[in-house]
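Notes for the structure review
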Amino acid sequence: MSRDFAPMPNAEGFFGEYGGQIIPPELKAIMDDIARAYHEIKDTDAYQSELRELYRDYVGRPSALYFARRLTEHCGGARIYLKREDLNHTGAHKINHCLGEALLAKHMGKTKVLAETGAGQHGVALATACSLVGIECEIHMGQVDIEKEHPNVTKMKILGCKVVPVTRGTATLKDAVDSAFEEYLKDPQNFFYAIGSVVGPHPFPMMVRDFQRIIGDEARAQFLEKTGALPDHILACVGGGSNAIGLFSAFLDDDSVNIYGVEPAGKGLDTPDHSATLTRGTPGAIHGFKCYLLQDAEGEPLPVHSIASGLDYPGVGPQHCYLKDIERVNYVSVTDQECLDAFMTLSRREGIIPALESSHAVAYAMKLAAERSPDETLLINLSGRGDKDADYVAEKLGL
Ligand SMILES: *Cc1c(COP(=O)(O)O)cnc(C)c1O
């Protein structure tokens, strides 16, 4: 497999100078166990056929590749296609890696899967995967987020997941991470910490990427079949970076394909209220790995903001940091306002209500398409659907 920038990462989990395992030795041994178990099973027929069957019959893969005719006409330039991860069971790409992680945990004989969740999207996808695979699931969530995201909390409970409210600190995502991690450290031999993006210590950025690569592999084949050529431009939003790397991985060796990762510029890059880590961050470390980081003078992560709660993380996946440095991917950003405009435009032109996260990719794609000729094509990864955001947007716009 030379097509996927292999061998990435190296044996220590580095993509160039990013990634690795910045963790205590006891945990390093556990992470190495997980990496070993993953390497043992990942290419076995049993694991591959189980995962493939679940992707097909449970998630509904392959997700459609859709030509957005009315959005294309609206922009007046390059032809726009959407990879419809919003049509997956549970409504986003996260189910792809949650199933992979839950199956791995089960295979390793772990008794409980643990995670934190912010807005609850990772929590619901993981609770879904755990009930399917038949393994206990415990999600830590800030009390503030529990009150804000009630439908997701209810879903997790219905799915049989234990939701642990976290009241310390600001009672939001960072405190939930600390709380879930403390629980994990009580018995890391028997517990599995399921990370929700291509972040954290090795082997998680690699494993989560591998699980998400199905997006890019499908999209590449579908695009060739539909148009007879590769897309000229591909785009995805970047929070931790899992849906983006899933798409990008299948196109990295195709020099003719321009790749764009779209970050949240929030209220503006010149305000403190953004989360554009690759655009404005500097090399640092967070949650057990090295990456670009929005940090203060002491190396502490800064508070970040995005209208899309799935994108507000001060770090970013290590492979994206490497791809930025070698200039294979263009990392760009759009504001909250541009995101909202794209959310409404896609809804009204195509009858597709996108997640606010995915709307970032749509917003940049609309600008790019308008500048390009109708001979060119552009592929957007529509990472999720916007049901979860509908009430918020309606209130914000006074609908
Ligand atoms: C969580 C989420 C994201 C952000 O996560 P990545 O790891 O950057 O992909 C993007 N889109 C949707 C719909 C999400 O739920």
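Notes on the structure in this doc start here. Computed from a prediction, not measured in an experiment: that's the story for all the values here.

Re helix α12 (residues 318–325)
Among all positions in α12, only P318, Q319, H320, C321 and L323 are buried. After α12 finishes, the residue E327 shows a positive phi value of roughly 60°.

Quick look at helix α14 (residues 356–371)
Taking 1.5 Å of rise per residue, 16 residues should cover 22 Å, and α14 covers 23 Å from first to last C-alpha, within 8% of that figure. With 13 of 16 residues buried, α14 lies mostly within the body of the structure.

Some words on the pattern of salt bridges
Under the counting rule described, the total for this entry stands at 23 salt bridges. The closest approach of N and O atoms between E183 and K186, which form a salt bridge, is 2.9 Å. One end of the pair is E183 and the other is K186, both in helix α8 (residues 173–186) and three residues apart, which spans about a single turn. Taking relative accessible area as the criterion, E183 reaches 13% and is therefore assigned buried. For K186, a relative accessible area of 64% corresponds to the exposed category. Between K367 and E338 there is a salt bridge; the shortest N-O distance is 3.0 Å. With K367 in helix α14 and E338 in helix α13 (residues 336–350), the pair connects residues that are 29 residues apart, well separated along the chain. For K367, a relative accessible area of 36% corresponds to the partly exposed category. Within this structure, K112, E138, K162, E183 and K186 form a network of salt bridges that share partners.

Regarding the site of the ligand
The environment of the ligand is made up of 17 residues, and the closest members are K94, S197, G241, S242 and S383. At a separation of 2.8 Å, an oxygen atom of the ligand approaches a polar backbone atom of G239. Taking S242, its side chain carries an N or O atom lying 2.7 Å from an oxygen atom of the ligand. When the ligand is considered free in solution it has 390 Å² of accessible area, and contact with the protein chains removes 97% of it.

Parameters and conventions
Residues numbered from 1 in each chain as written. Predicted model: local features only at pLDDT ≥ 70, side-chain atom pairs only at ≥ 80, totals over all residues. Heavy atoms only, no water. Buried < 20%, exposed > 50% of the residue type's maximum accessible area, 1.4 Å probe, protein only. Helix = DSSP H or I, 4+ residues; strand = E, 2+ residues; numbered from the N terminus. Expected span 1.5 Å × (residues − 1). Salt bridge = Lys/Arg side-chain N within 4 Å of Asp/Glu carboxyl O. Near = heavy atom within 4 Å. Polar contact = N/O pair within 3.5 Å; in protein donor to acceptor, adjacent residues only side chain to side chain. Areas by Shrake-Rupley, 256 points an atom, 1.4 Å probe, with all protein chains shown as cover.

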